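# Tertiary structure, described
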Amino acid sequence: MKFQFREKKVKLPGNVHAYAEKKVMKLERFFDENAEALIVFSVEKNRNQVELTVHGAGTWFRASESTSDMFASIDAAVATIEGQIRKNKTRLARRLKQDAFVRSVQEETSFVPDAEEDLSIVRSKKFYFKPMTREEAVMQMNLLNHNFFAFRDEDNGGSFAVVYKRNDGGYGLLDDTE
């Protein structure tokens, strides 16, 4: 597993990074050796926050935990990811059998400095949109804890689609009609 560490508004000693790496390595059994983990440490209002994002075989897992102790935040974030994996174990296993993890997401990020207008684009990302079913897209959106998720809809011939969370708790689908 490959690790990246980022620190926002805080400078941490190396033992915190070593502890985080040791704890996140427990997740390695669920992923292949090419998995990546991004751990972001920050302090806000005397709360130690850890954001953990793990990407492996085309699936993203994200957890954000905040406690009064950085080590406890690390433990809680790892436990949250383990819970997400256990909760979706059967769905993820089925996807593995269907060879859905073969392709990987390629991401490029570029930042535009100092936006001049309110409607200017300040960040741009490029993604490979993986073909998947609508159920898989909803599951991926929930694993990322996002409000929407863009994908190529296998149920509609590979056309571009977006699933989103509705205010009433349900899910919506935006798809391309020709």
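In what follows, the structure referred to is the one given above.
Here is a short report on the structure shown in this document. Only a predicted model underlies this, so the values are computations on that prediction, with no experimental measurement involved.

We now examine the pairing of strand β9 (residues 159–165). Here six bridges tie strand β8 (residues 148–153) to β9, and the two strands are oriented antiparallel to one another. What sits directly across from A150, in β9, is V162. Between β8 and the antiparallel strand that follows it, β9, lie five residues; G157 among them carries a positive phi value of about 70°. Direction of pairing for β9 relative to strand β10 (residues 171–175): antiparallel, over a ladder of five bridges.

Taken as a whole, helix α1 (residues 14–24) has its buried residues at V16, H17, A20, K23 and V24. All buried residues of α1 project into a common sector of 130° when viewed along the axis, lining one side. Exposed and oriented more than 90 degrees from the buried face of α1 are G14 and K22.

A word on the sheet that holds β9. Strands sit in the order β7-β8-β9-β10 across an open sheet of four strands; the sheet is mixed. Strand pairing shows two members of the sheet lacking a second neighbour, β7 (131–132) and β10, which therefore form its edges. Bridge analysis of β7 against β8 gives two bridges, and the strand direction is parallel. Among the inter-strand pairings, P131 is bridged to a residue of β8, identified as R152. Taken strand by strand, helix α4 (residues 134–144) contacts β7, β8, β9 and β10, and its axis lies near 150° from that of β8.

Okay, the pairing of strand β1 (residues 2–8) next. Sheet analysis places β1 next to strand β2 (residues 36–44), joined by seven bridges and oriented parallel. Residue pairing across strands places Q4 opposite L38, the latter belonging to β2. A crossover connection joins β1 to the parallel β2 through α1; in handedness this β-α-β unit is left-handed.

Below, the discussion takes up a positive patch on the surface. On the surface, R6, K8, K9 and R123 cluster together into a positively charged patch. Residue class for K8 comes out partly exposed when judged on its relative accessible area of 47%.

Another aspect to go through is the sheet that holds strand β4 (residues 59–67). Sheets are built from strands that pair by backbone hydrogen bonding, the pairs being arranged parallel or antiparallel. One open sheet accounts for four strands, arranged β1-β2-β3-β4; its pairing is mixed. With partners counted over all chains shown, the strands left at the sheet margins are β1 and β4, one partner each. Averaged over neighbouring strand pairs, the angle between their axes works out to 15° when direction is ignored. Taken together, the nine bridges between strand β3 (residues 47–56) and β4 define a ladder with antiparallel strand orientation. The residue bridging N48 from the neighbouring strand is T67, located in β4. Strands β2, β3 and β4 of the sheet are contacted by helix α2 (residues 70–87), whose axis makes an angle of about 145° with β4.

How each quantity is defined
- Residues numbered from 1 in each chain as written.
- Predicted model: local features only at pLDDT ≥ 70, side-chain atom pairs only at ≥ 80, totals over all residues.
- Heavy atoms only, no water.
- Pairing = 2+ DSSP bridges.
- Helix = DSSP H or I, 4+ residues; strand = E, 2+ residues; numbered from the N terminus.
- Buried < 20%, exposed > 50% of the residue type's maximum accessible area, 1.4 Å probe, protein only.
- Arc of directions from axis to C-beta.
- Contact = heavy atoms within 4.5 Å.
- Axes fitted to C-alpha atoms, helices over the stretch in contact; angles between N-to-C directions.
- Right-handed = clockwise from strand over helix to strand, strands pointing away.
- Patch = residues over 30% accessible without salt bridge, like charges linked within 9 Å, V, L, I, M, F, W, Y side chains within 5 Å.
- Areas by Shrake-Rupley, 256 points an atom, 1.4 Å probe, with all protein chains shown as cover.
- Salt bridge = Lys/Arg side-chain N within 4 Å of Asp/Glu carboxyl O.
- Lys, Arg positive; Asp, Glu negative; His and termini not counted.
- Charge placed at Lys NZ, Arg CZ, Asp CG, Glu CD.

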